[in-house]
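# Topology and contacts: notes
The chain contents come next:
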Amino acid sequence: RSLGLTKKTSIEIRNLLLRQISTGSDAYDNGTTPVWLVVIFTICSLIISLGITNSWALPVLCIFGIGMSASAICLFLLPKSPPPDTFCCPYVPFVPMMGIIFNSYMMGSMPNETWKVISTWLLLGLLFYFCYGIHHSELNKKLPPPYNTQQKMGNRVTTFPLPSGDSTT
């Protein structure tokens with residue numbers, strides 16, 4: 001339960017960081033750069049925390065530390081958007097990045113059994129979604145035929161091709 005909570009908190013911190021870096025007059029020129037930098041920063045910090053907990057070799061930790069530092073420096077150098085009229089996180093991107101580091105450390109400190117259990121439940125959820133949920137969703141039924149996978153016509157179900165050319169039954 002706490003692994004899911006720290007993961008969710010890290011996602012919210014990442015969204016806060018991206019919202020304040022990715023919008024604004026000069027920040028529109030950033031494109032998807034902030035997204036990739038935050039993803040690199042988050043993955044590197046999680047791998048470092050796993051490495052510290054599991055006593056990995058120092059060169060491996062240094063490589064990911066360099067990646068985390070480089071992405072942090074690039075995030076600091078990106079143009080920032082002007083502060084919004086609503087809540088504004090102070091000291092962006094420092095405070096959100098510290099939140100990501102602390103949450104990554106907590107996630108990396110979890111025992112391996114916790115990672116196995118959450119991975120199993122995640123895979124079961126994805127399997128259920130792709131095998132059942134995506135074909136029976138209310139949104140899929142409301143889409144026009146080129147985009148939905150099934151449409152009922154009388155008592156029979158007609159299958160339409162997906163945009164990629166594949167069809168499902």
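Residues numbered from 1 in each chain as written. Predicted model: local features only at pLDDT ≥ 70, side-chain atom pairs only at ≥ 80, totals over all residues. Heavy atoms only, no water.

### Overview of the overall build of the chain
Within the chain, the secondary structure is distributed over six helices and two strands. The secondary structure elements of the chain, listed N-terminal to C-terminal, are α-α-α-α-α-α-β-β. Evaluated residue by residue, the chain yields a buried proportion of 29% over its 169 residues. For the chain, long-range pairs separated by at least 24 residues make up 58% of all intrachain contacts whose partners lie at least 6 apart in sequence. (Helix = DSSP H or I, 4+ residues; strand = E, 2+ residues; numbered from the N terminus. Buried < 20%, exposed > 50% of the residue type's maximum accessible area, 1.4 Å probe, protein only. Contact = heavy atoms within 4.5 Å.)

### A look at helix 3 (residues 58-77)
Taking 1.5 Å per residue, 20 residues should reach 28 Å; helix 3 reaches 28 Å between its end C-alpha atoms and fits that length. All of the buried residues along helix 3 are Leu 61, Gly 65, Met 68, Ser 71, Ala 72 and Leu 75. Burial along helix 3 is one-sided: seen end-on, the buried residues are contained in an arc of 135 degrees. Among the exposed residues of helix 3, those oriented more than 90 degrees off its buried face are Pro 59, Ile 63, Ile 66, Ile 73 and Leu 77. (Expected span 1.5 Å × (residues − 1). Arc of directions from axis to C-beta.)

### Some remarks on the packing of helix 3 against helix 4 (residues 94-108)
It is the contact of helix 3 with helix 4, at a shortest axis distance of 11 Å, that shows an interaxial angle of 155 degrees. Of the possible angle classes, the one that applies to helix 3 and helix 4 is roughly antiparallel. The hand of the helix 3/helix 4 crossing is right-handed. Between helix 3 and helix 4, the contacting residues are Met 68, Ala 72, Leu 75 and Phe 76 on the first element and Phe 94, Met 97 and Ile 101 on the second. Partitioning the contact of helix 3 with helix 4 into residue classes produces seven nonpolar, no polar and no charged. (Axes fitted to C-alpha atoms, helices over the stretch in contact; angles between N-to-C directions. Parallel < 35°, antiparallel > 145°, perpendicular 65-115°, else oblique. Left-handed = near helix turned anticlockwise from the far one by under 90°. Nonpolar A, V, L, I, M, F, W, Y, C, P; charged D, E, K, R; others polar.)

### Structural notes on the packing of aromatic side chains
Counted by the stated rule, this structure contains two aromatic pairs. Ring centres of Tyr 129 and Phe 130 lie 5.0 Å apart, and the angle between their planes is 70 degrees; this geometry places the pair in the edge-to-face category. (Phe/Tyr/Trp six-rings, centres within 6.5 Å; stacked < 30°, edge-to-face > 60°.)

### Some thoughts on unusual backbone geometry
Trans peptide bonds make up most of the peptide bonds, and negative phi angles are found at most residues other than glycine. The backbone phi angle of Ser 55 is positive, close to 55 degrees, even though this residue is not glycine. Topologically, Ser 55 is positioned in the loop between helix 2 (33-53) and helix 3. Residue classification places Ser 55 among the exposed positions, given a relative accessible area of 64%.

### Side note on the nonpolar core
Core analysis: the largest hydrophobic core is formed by 16 residues, its most contacted members being Leu 17, Val 38, Phe 41, Met 68, Leu 75, Met 97 and Ile 100. Secondary structure elements with two or more residues in this core: helix 1 (2-22), helix 2, helix 3 and helix 4. Here this core takes five residues from helix 2, the largest share from any one element. Leave out the neighbours within four places in its chain, and Ile 100 touches Ser 10, Ile 13, Arg 14, Val 38, Phe 41, Thr 42 and Ser 45. (Core = buried A, V, L, I, M, F, W, Y, C linked by side-chain atoms within 4.5 Å.)

### Re the environment of Ser 69
Among the secondary structure elements, Ser 69 is positioned in helix 3. A relative accessible area of 38% means that Ser 69 is categorised as partly exposed. Separated by 29 residues in the primary sequence, Ser 69 and Ile 40 have C-alpha atoms spaced 10.0 Å apart.

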